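Structure at a glance
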Amino acid sequence: MILTDGLRSTAAAVRLWFSPGRVREEGSTPDYRFSLANERTFLAWLRTGLALVGGGFAVDQFLPRLHEALRVTFTVALLAGGALCALRAVNHWVRCERAMRRGEDLPTSRFPSVLALGVGVLAVAMVVLVLLGRTR
């Protein structure tokens, strides 16, 4: 029962991604500056996702001498991070827009912290590999 309810609410949230007009039906229209700021944040998340995807392709293409398992791990981690960023962007945009229209507090998320930690760990690992000469 709980799983079914969770799937229904997830499906309803995903449907809102593709019909932003339905978001407008809720509450009252916020100051347009807040909606525009929400859109700029959305676009910033998309740019971050694109940068991660580009980094994944760069690792795969420009580090051919890196041990194959490490190269594939780094590539997949960066590509998955980029995909998650894009999905997170649209989900966060909808959640914030709904909250503003309803006069509620903006939603919080652990995703930025997890993303920062993941990128930091990958960066440290790459620094170690460069210092050990494993990327040549």
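Coordinates for the structure precede this section.
Our subject in this report is the structure included herewith.

On to the environment of L46. When you line up the elements, L46 lands in helix α3 (residues 32–62). Assessed through its relative accessible area of 29%, L46 is described here as partly exposed. Not counting the four nearest positions on each side in its chain, L46 is found in contact with A86 and A89.

Evaluated as defined, the whole model comprises 5 salt bridges. With a shortest N-O distance of 2.6 Å, E26 and R102 are connected by a salt bridge. Here E26 is found in the loop between α2 (20–24) and α3, whereas its partner R102 is found in helix α4 (residues 68–102), with 76 residues between them in sequence. With a relative accessible area of 41%, R102 lands in the partly exposed category. Note that R33 and D31 form a salt bridge whose closest N and O atoms lie 2.4 Å from each other. Looking at R33, the relative accessible area reads 53%, which means it is exposed.

Definitions and cut-offs
- Residues numbered from 1 in each chain as written.
- Predicted model: local features only at pLDDT ≥ 70, side-chain atom pairs only at ≥ 80, totals over all residues.
- Heavy atoms only, no water.
- Helix = DSSP H or I, 4+ residues; strand = E, 2+ residues; numbered from the N terminus.
- Buried < 20%, exposed > 50% of the residue type's maximum accessible area, 1.4 Å probe, protein only.
- Contact = heavy atoms within 4.5 Å.
- Salt bridge = Lys/Arg side-chain N within 4 Å of Asp/Glu carboxyl O.

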